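Understanding the architecture of this molecule
So you can see what is in the structure, the chains are spelled out below.
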Amino acid sequence: MVRNRRPFYGGEDVNDLLNHILQSRKGWNEVVRAGAIGGLSQLKTSPAALESILTYTALGTPQPLRLAAIRALGAISSGQTTDKLTVILERLETIAKETFFLTQVAVCNALGQIENAKAIVILQALSDRTPDGRVRRVAEEAVQKVQKKLGSEKAIQEIREELEKMKQENQELKSRLTKLEAKNS
């Protein structure tokens, strides 16, 4: 007896299948669609998978699905190009400014998977900004994870470089503000 076998799905076929699931399978607590997001996050080198995940991090997405998408950004980050990693970090930095507890924890979990000093900077800013001790603890644990992944010396060097960049941007903003104030006087 010959059974009907499912066809093998290659990278783009899987991406299409998971996107079809995301568009057509709404269910209790978004379990199925969150699973599809998890599947997309394993297509680490796929820019199309990243774009799909980014779509579901937007406000207005059902909360369980959005949280899964935010966490998935950390998982997919390891195979992305430098410019795509920058997009991921910028999105997580924006989301980190939200005040909802579960969103902040999801951001910490995502950033804890990223091997980049910018993730540490975002986590420390979130930790400093949040009044919730639970989020602070999760952020500090995520910082330690990233530091282990980067190695202490490399992490310190990248943090210094990021700090210098932020100082330079701050100085530029101050000078622009001074010019504007002088212009308005």
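Values in this document were obtained by computation on a predicted structure and should not be read as measured data. (Residues numbered from 1 in each chain as written. Predicted model: local features only at pLDDT ≥ 70, side-chain atom pairs only at ≥ 80, totals over all residues. Heavy atoms only, no water.)

**A look at the overall build of the protein**
Operational definition: The helix count covers DSSP runs of H or I at least four residues long, the strand count covers runs of E at least two residues long, and both are numbered beginning at the N terminus. In what follows, a contact means two residues having at least one pair of non-hydrogen atoms within 4.5 Å.
Within the protein, the regular secondary structure consists of 9 helices and 0 strands. Each helix and strand of the protein, ordered N terminal to C terminal, gives the series α-α-α-α-α-α-α-α-α. For the C-alpha atoms alone, the extent of the protein along its principal axes is close to 85 × 40 × 35 Å. Considering only intrachain contacts with a sequence separation of at least 6, the fraction spanning at least 24 residues in the protein is 63%.

**Side note on the environment of Ser 78**
Turning to its location among the elements, Ser 78 is positioned in the loop between α4 (63–76) and α5 (82–95). A sequence separation of 33 residues divides Ser 78 from Thr 45, and the C-alpha atoms of the two residues are 8.2 Å apart.

**Quick look at the packing of helix α3 (residues 47–55) against α4**
Where we set the bar: Here an angle of 0 to 180 degrees is reported between the N-to-C directions of two axes, which are lines fitted to C-alpha atoms, with helices fitted over the stretch in contact. Geometric relationships in this document are graded by angle, where less than 35 degrees denotes roughly parallel, more than 145 denotes roughly antiparallel, 65 to 115 denotes roughly perpendicular, and other angles denote oblique. Crossing handedness follows the turn of the near helix against the far one: under a right angle anticlockwise gives a left-handed crossing, and clockwise gives a right-handed one. In this count, Pro and Cys sit with the nonpolar residues alongside Ala, Val, Leu, Ile, Met, Phe, Trp and Tyr, while Asp, Glu, Lys and Arg are called charged and the others, Gly among them, polar.
Packing of α3 against α4 brings their axes to within 9 Å, and their N-to-C directions diverge by 155 degrees. On the basis of their axis angle, the class for α3 and α4 is roughly antiparallel. The interaxial crossing formed by α3 with α4 has left-handed handedness. Contacts from Ala 49, Leu 50, Ile 53 and Leu 54 in α3 reach Ala 69, Ala 72, Leu 73 and Ile 76 in α4. Residue composition of the contact of α3 with α4, by class: 8 nonpolar, no polar and no charged.

**Regarding the pattern of salt bridges**
Where we set the bar: In what follows, salt bridge is the name for a side-chain nitrogen of Lys or Arg lying within 4 Å of a carboxyl oxygen of Asp or Glu. Buried residues are those whose accessible area, probed at 1.4 Å on protein chains only, stays under 20% of the maximum for their type, while exposed residues exceed 50% and partly exposed ones sit between those limits.
Summed over the entire model, instances satisfying the criterion amount to 8 salt bridges. Across the salt bridge formed by Glu 30 and Arg 33, the nearest N and O atoms sit 2.6 Å from each other. Judged by relative accessible area, which is 6%, Arg 33 ranks as buried. Salt bridges linked by common partners bring Glu 93, Lys 118 and Glu 162 together as one network.

**Considering the environment of Phe 101**
Following the sequence through the fold, Phe 101 ends up in helix α6 (residues 101–111). Residue classification places Phe 101 among the partly exposed residues on the basis of a relative accessible area of 26%. On a C-alpha basis, the gap between Phe 101 and Val 135 in space is 7.1 Å, while along the polypeptide they are 34 residues apart. Every residue in contact with Phe 101, bar those within four places of it in the chain, is listed here: Asp 132, Arg 134 and Val 135.

**Here we look at the environment of Gln 147**
Tracing the sequence through the fold places Gln 147 in helix α8 (residues 133–150). As for Gln 147 and Arg 33, which are separated by 114 residues in sequence, their C-alpha atoms are 32 Å apart.

**Some details on unusual backbone geometry**
Unusually for a residue other than glycine, Asn 29 sits at a positive phi of about 55 degrees. For Asn 29, a relative accessible area of 44% corresponds to the partly exposed category. If you check the backbone angles, Glu 30 has positive phi at about 60 degrees while not being a glycine. Mapped onto the secondary structure, Glu 30 falls in the loop between α1 (11–24) and α2 (31–41).

**Thoughts on the nonpolar core**
For clarity, the threshold we go by: Here, nonpolar core refers to any group of buried Ala, Val, Leu, Ile, Met, Phe, Trp, Tyr and Cys residues whose side-chain atoms link them within 4.5 Å.
Counting residues in each nonpolar core, the largest one holds 45 residues, and the members touching the most others are Ile 37, Ile 53, Leu 92, Val 107, Leu 111, Ile 114 and Leu 123. Leaving out residues up to four positions away in the same chain, Val 107 has contacts with Ile 70, Leu 92, Ile 95, Ala 96 and Leu 126.

**Let's talk about the side chain of Ser 46**
Rule in force here: Under this definition, polar contacts are N or O atom pairs within 3.5 Å; protein pairs additionally need one hydrogen-donor-capable and one acceptor-capable atom, and for neighbouring residues in sequence, both atoms have to be side-chain atoms.
By secondary structure assignment, the location of Ser 46 is in the loop between α2 and α3. According to the relative accessible area criterion, Ser 46 is buried, its value standing at 9%. At 3.0 Å, the side chain of Ser 46 forms a polar contact with the backbone nitrogen of Ala 49.

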